[in-house]
Amino acid sequence: MEIRIENTKTPGVKVTENLGFGKHFTDHMFMMDYNVEKGWYDARIVPFGNLSLHPAATVFHYGAEIFEGLKAYRTADGSVQLFRPIENVRRMNNSAERLQLPTMPEEEMLQAITEFVKHEQDWVPYGAGESLYLRPFLFGNDEALGVHGIQNSRFVIIASPSGSYYKEGINPVKIMIEKDDVRAVRGGTGFAKCGGNYAAANRAGARAEEKGYTQVLWLDGVERKYIEEVGAMNVMFKIAGEVVTPMLSGSILPGITRKSCLELLREEGYKVSERLLSVDELLEACKNGTLEEAWGTGTAAVVSPIGKLSFDGVEYIVNNNEIGKTTQHLYDTLTGIQWGRVEDKHGWIVKI
Ligand SMILES: *Cc1c(COP(=O)(O)O)cnc(C)c1O
């Protein structure tokens, strides 16, 4: 795939302090368009700037949008690397298939990501826990209001130099179990990384934040009984020595951090099970002291300990509101591999 490059004439100043998350962007973006007859065309790296879209563009009216999130890491020797980017490529294509957006050959999407990162590599920050967050996204771009199969789409990648996701660092977070709203149902779009899932989550998220909780923990959409996932993270619990996480049933996002944690834990001989976990079982484990640890997993936060769970107005404390041993171990191992401090025995790292 040929990528046309148009460099900016007005390079931006690189922010190095208080990066935050997703607030600052690099000088360029990757873009490529799709038409049913032409296929993918005009791969290009162009100056970062506003998109100009037709007011009838599909994405504004019918929510045809999917995205990915991954990071480029700066290692101690100054090189830049990615963590399992092929997994993001495959998930993007699975999401695209669900929303009937066009898929892209894996090698081409991977090439788009790696060449774009190479072009922007000076923007990968050097500070501890900092990274260049990459946000590929794809949306329907037909210039008409009729609802038919999508004829035109656009794929874009933007990059944001970011600090640690949680301002407080790796302190345990407070999570509210949501009773009323649901995020997704089996057969719906829960397994796809699409903007619409986030739109459906907004109201519960706002209610949780109002009460001082960081994120919502969703229950299944049918019985409102089984644990699904947190806002932008999968969840794991250590109950009586065993790591339990909800199975991938179609309504939760198949996280790459989740997959990596499960692979590491199984290799190390932990007892791990992917199964249904009811909120009653979880709270009972909390009350009888068998709930040893709880944590969320996701690219942005990596591994995030959960210190408090609230359900029906009652607050439950997990592991004395401290980070547990397994949580800390996973955090250290994964961030170690990602930043090049721990040997990559799995072939997860792609050097830029
Ligand atoms: C992205 C995301 C996750 C985490 O996936 P990773 O691949 O580990 O980053 C979990 N849940 C939702 C809803 C997400 O959008």
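Heads up: the structure comes first, above all this text.
Trainee: It is not clear to me how empty space enclosed by the protein should be interpreted in this structure. Could you clarify?
Mentor: Once rolled over the atoms, a probe with the size of a water molecule shows which space is left empty. Counted by the stated rule, this structure contains two cavities of 30 Å³ or more. Computed from the structure, the largest cavity encloses a volume of approximately 80 Å³. Of all the elements in the fold, those that place two or more residues in the lining of the largest cavity are β5 (70-74) and α5 (256-267). Take the lining of the largest cavity: its biggest share by element is three residues, from β5. For the lining of the largest cavity, the class distribution of residues is four nonpolar, five polar and one charged. Three or more residues apiece are contributed to the lining of the largest cavity by two domains, here domain 1 (4-163) and domain 2 (173-338). The volume enclosed by the second largest cavity comes to roughly 30 Å³. What lines the second largest cavity is simply Trp 40, Met 92, Asn 93, Ala 96, Pro 102, Thr 103, Met 104, Met 109, Leu 138 and Phe 155. Partitioned by chemical class, the residues of the lining of the second largest cavity number eight nonpolar, two polar and no charged.

Trainee: How do you make sense of helix α7 (residues 325-338) when you look at a structure like this?
Mentor: With 14 residues, α7 ought to run about 20 Å at 1.5 Å a step, and its terminal C-alpha atoms sit 20 Å apart, in line with that. Three or more residues of α7 are buried, namely Thr 326, Thr 327, Leu 330, Thr 333, Leu 334, Thr 335, Gly 336, Ile 337 and Gln 338. Two residues or fewer after α7 comes Gly 340, characterised by a positive phi angle close to 80°.

Trainee: Is there a simple way to think about the packing of α5 against α7 in this case?
Mentor: Where α5 contacts α7, the two axes come as close as 11 Å, and the packing angle between them is 110°. Compared by their axis directions, α5 and α7 come out roughly perpendicular. Side by side, α5 and α7 meet where Thr 257, Ser 260, Cys 261, Leu 264 and Leu 265 of the first sit next to Thr 326, Leu 330, Thr 333 and Leu 334 of the second.

Trainee: Which parts of the structure should I look at to understand the pattern of salt bridges?
Mentor: A side chain of one charge can pair with a side chain of the opposite charge when the charged atoms of the two come close. Scanning the model with the defined rule gives 18 salt bridges in all. Across the pair Glu 263 and Arg 84 runs a salt bridge whose closest N-O atoms are separated by 3.3 Å. Highlighted residues: Glu 263 in helix α5 and Arg 84 in the loop between β6 (80-83) and α2 (85-99), separated in sequence by 179 residues. Accessibility expressed as a relative area gives 7% for Arg 84, which makes it buried. In this structure, the salt-bridge partner of Arg 207 is Glu 178, at a minimum N-O distance of 3.3 Å. Placement of Arg 207 in helix α4 (residues 195-210) and of Glu 178 in the loop between β9 (173-177) and α4 is noted, with a sequence separation of 29 residues between them.

Calculation criteria
- Residues numbered from 1 in each chain as written.
- Predicted model: local features only at pLDDT ≥ 70, side-chain atom pairs only at ≥ 80, totals over all residues.
- Heavy atoms only, no water.
- 1 Å grid on protein atoms, 1.4 Å probe; cavity = no way out; pocket = protein on both sides within 12 Å on 5 of 7 lines; lining within 4 Å.
- Points joined across faces, edges and corners; volume = space filled by probe spheres on them.
- Helix = DSSP H or I, 4+ residues; strand = E, 2+ residues; numbered from the N terminus.
- Nonpolar A, V, L, I, M, F, W, Y, C, P; charged D, E, K, R; others polar.
- Domains from an automatic or database assignment.
- Expected span 1.5 Å × (residues − 1).
- Buried < 20%, exposed > 50% of the residue type's maximum accessible area, 1.4 Å probe, protein only.
- Axes fitted to C-alpha atoms, helices over the stretch in contact; angles between N-to-C directions.
- Parallel < 35°, antiparallel > 145°, perpendicular 65-115°, else oblique.
- Contact = heavy atoms within 4.5 Å.
- Salt bridge = Lys/Arg side-chain N within 4 Å of Asp/Glu carboxyl O.

From the geometry alone we can't say anything about function, so treat these as descriptive.
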